[in-house]
Amino acid sequence: MQLIREDWKLFRNIDTLCQKAGVHREFIPKLVVKELVDNALDATGDCELELVDNHSFRVTDNGSGIDPDWLEDYFSINRPMISSKLLRLPTRGALGNGLRVVTGAVISTNGYLTVTTRGQTFKIIPQDDGTSIKQFLGYNNDYKGTSILVTLGLSITKSTLSWGKMAIQFSKNSEVFEGKSSPYWYTSEAFFELVNAANMPINEFVSLFVAGPIKAKKLITDLTNELEFSMLGTADLSFEESDQLLTFLRSKIRKTLPRNLGAVNKNFVNTMSHKTNGSFNLETVRGEHDAEIPIVIEAWVKYDTDQDDESQKHSSISVLVNKSPVTADMRTSTKQASTTIWGGGLYIDLRSRPTDFYVSIITPYQPIKSDGKEPDFRPMHNEIEYALKKATAKVKKFNQNMSSGGRNEREIIIQNLPKAIDKTSGDGEFIFSQRQLYYAIRPFVMEAFGGKQLNYNYFCQVITDYEAYYGEIEGMYRDPRGTLYHPHTGEEIPLGTIAVQKYNRPTWTFNKIIFIEKEGYFASLRDVGFPEKYDCALLSSKGYASRAVKDLFDLLGETDEEIQFFCVHDADAAGTKIFETLQEATSARPGRRVRVINLGLEPEEALELNLQVETFESKRTRPVADYVPYEWERWLQSHRVELNAMTTPEFIQWLEDKMEDHGVGKVIPGVTILSNEMESNAEDLVREQVAKKILQQNLYEEQVSLELDRIKGDLELAKLHVRDTVKEKLDNNPHSLWSLPVREIVQDIINNQE
């Protein structure tokens, strides 16, 4: 006798539900919370999570809500697996089991669901046949979006909400991928499954891979001209035809760089972090195309806040894929100062005392081992290990700095800073430079360490750290280390902290600004009229972006006029850090409030352009930005390509191509501004014409000559003593320029003639 059980029935029994969900029964409530939070975050980007009682919790968002007509299908376990995850994107989820797990947990524990959406409240009642029916409970206008109240027959505590709360925490204000799926992210087999499931016209299907109607229209035109089966539906394609379609898409669409996937991009309390990116390959078996899967890895490691605190006896590891905690059985073990992390295909040894580790993986495709979404991290093992080791090293350095005892230069500087500030500023009466403050501190260090000279760069770093903690030192300014060039006006402004404080952006003059590592390109770009052609301001800082440059970016970002920010740098380790410190937070400044577009030069692009590569040997490891893939980070330890490797025509063409790809076009104000400008110009031109006409009619030039003749005698007499008179006036008003007293003398002569 054969006993046949349909797949959906596995969701209505707590034991088999664990099999489908991939977690032990004690974690089912945590998983239900996470699934609903993930759905809310995917739909709206934010949500609220609250514990109602020891059996219930509620998830609320402010989105557009769920169509009530769909509720019965959404919360039924007897339905086909509905998943958008066949279309690979760096968003939450791996299988379409989420709501089936939620509903199954309700059924198997004798719980219930209450859904409020679009102002109506329904109770969802599961049926024995695996379907669900909804019961209308009334109107509730308190929720404009969706509120789901879940009551389970299992105990719920605050810790039950931990996965959901972590998903919310890592999603808030994070960078979100806004692009399309890439044909390079699929093996031939995976692409065929997507094609087969899409069930739409092919010309509509290919639009899933390009952004914007213009690009989509061109792609569809090329499709019609190049593929005989372009008029078919996707469900009609054979495997071979699907592979041809994948070949076509790859020939028309560029690869998406890993750094464009988005990221969490923030630090959390008492943690040090590191970010890296890369890719891994998946081989095809039946077809022609392997998949190249990009990844962005971020790791956070908690540091000691209290060196004497013995409460942290064990380590923990939390892993998130596309900002959602995974349910894999991740484990840690710490002996003395060594921690091992394993699970999900990982096995990583770290030099670390017991602490908390967090790893975020952003990827369009996370390999899994089962319906329970058990992840397989082996393809990205190296990148995860690298990010964790980097973050752990930062924590070790931080802990050492915090625990170091005895007097050191840093302590001497900070202890004597108030006295040095008072001396340099004249007890607060005058502003002063950072260099002046250095000379005021220097004697204290020399006295404490037997004449040891204080290094200026080290002093500046201590002051930066001090200001990051206590706020900026009042009255201190930093000297200009860069230049801002305005298009159309030709004005060049030396950039220091004072200049930025007084800066006013000329209205409707430029809508782009490029930060260029090398100031020498200004002359070439100005000579060909690049700033004027692209309405683009030019900015340099002789290397790393100074505080003034970062403050200027933030200042411009707060204005009402649209503006884009770009960065250009060498393809070397320092160049990548120049972009990173311009965009990301440093000890001196938080991250930019605006998005800075990295134009390069990046190593892979430099090699594609066949630019001259410099090789070198270095005994020290050169720091590289977190966004750089692992393989290129190693390359940059012994290679570099300068922007100067391009000729002037090559550089200008390269930069113009970048502007064509990213630029927003010329500055064109709105109709109101343009209309006001027309009226102002009309008035000015008419005034000029009327004034000229009136002056001619009234013999203006002749009258001026008569008046000058009338005061000529007194003017000549005043010239005899003019130097003494000017000196006397300047003695009384030393802030004046000599020309002002001269004008006052002439004004007195004219007034006496009246």
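Relevant structure appears above.
Keep in mind it's a predicted model, so treat the numbers as computed, not measured. (Residues numbered from 1 in each chain as written. Predicted model: local features only at pLDDT ≥ 70, side-chain atom pairs only at ≥ 80, totals over all residues. Heavy atoms only, no water.)

Enquirer: When you look at the overall build of the protein in this model, what are you seeing that I'm missing?
Expert: Broken down by element type, the protein carries 26 helices and 24 strands. Taken across its 754 residues, the protein has 46% of its residues classed as buried. Here the contacts in the protein between residues at least 6 apart in sequence split such that 70% fall between residues at least 24 apart. Surface exposure of the protein reaches about 40,200 Å², of which carbon and sulfur atoms provide 49%. (Helix = DSSP H or I, 4+ residues; strand = E, 2+ residues; numbered from the N terminus. Buried < 20%, exposed > 50% of the residue type's maximum accessible area, 1.4 Å probe, protein only. Contact = heavy atoms within 4.5 Å. Areas by Shrake-Rupley, 256 points an atom, 1.4 Å probe, with all protein chains shown as cover.)

Enquirer: Would you mind going over the environment of Pro 29 with me for this structure?
Expert: Note that Pro 29 resides in helix α2 (residues 28-44). Distance in space between the C-alpha atoms of Pro 29 and Leu 154 is 7.4 Å, their sequence separation being 125 residues.

Enquirer: What's the story with the sheet that holds strand β11 (residues 331-335) in this structure? I'm lost.
Expert: Two modes of strand pairing occur in sheets, parallel and antiparallel, and in both the strands are linked by backbone hydrogen bonds. The three strands are arranged β11-β12-β13 in an open sheet whose pairing can be described as antiparallel. Single-partner strands in this sheet number two, and they are β11 and β13 (346-350). Strand after strand, the sheet turns through a mean of 15 degrees between neighbouring axes, direction not considered. (Pairing = 2+ DSSP bridges. Axes fitted to C-alpha atoms, helices over the stretch in contact; angles between N-to-C directions.)

Enquirer: I would appreciate a short explanation of the pattern of salt bridges in the present structure.
Expert: Close approach of charged atoms lets side chains of opposite charge pair. Overall, the coordinates contain 23 salt bridges when judged by the stated rule. A salt bridge links Glu 226 to Lys 252; the nearest nitrogen and oxygen atoms lie 2.8 Å apart. Highlighted residues: Glu 226 in helix α8 (residues 213-226) and Lys 252 in helix α9 (residues 239-252), separated in sequence by 26 residues. The exposure class assigned to Glu 226 is partly exposed, which follows from its relative accessible area of 43%. With a shortest N-O distance of 3.6 Å, Arg 640 and Glu 614 are connected by a salt bridge. Of this pair, Arg 640 sits in strand β24 (residues 639-640) while Glu 614 sits in strand β23 (residues 614-615), placing them 26 residues apart in sequence. Residues joined by salt bridges that share partners form a network here, namely Asp 570, Asp 572, Glu 614, Arg 640 and Glu 642. (Salt bridge = Lys/Arg side-chain N within 4 Å of Asp/Glu carboxyl O.)

Enquirer: Please explain the packing of aromatic side chains as it appears in this structure.
Expert: Each aromatic ring pair is summarised here by two numbers: the centre-to-centre distance and the angle between the ring planes. Under the defined criterion, the tally for this structure stands at 21 aromatic pairs. Relative to Tyr 139, the ring of Phe 136 lies with its centre 5.2 Å away and its plane at 70 degrees, an arrangement referred to as edge-to-face. Overall, Tyr 139 belongs to the exposed group, its relative accessible area being 68%. Here the guanidinium or amino end of Arg 88 rests over the ring plane of Tyr 365, the centre of that ring lying 3.7 Å away. In this structure, Lys 134 packs its charged tip against the face of Phe 122, placed 5.3 Å from the ring centre. (Phe/Tyr/Trp six-rings, centres within 6.5 Å; stacked < 30°, edge-to-face > 60°. Lys NZ or Arg CZ within 6 Å of the ring centre and 35° of its normal.)

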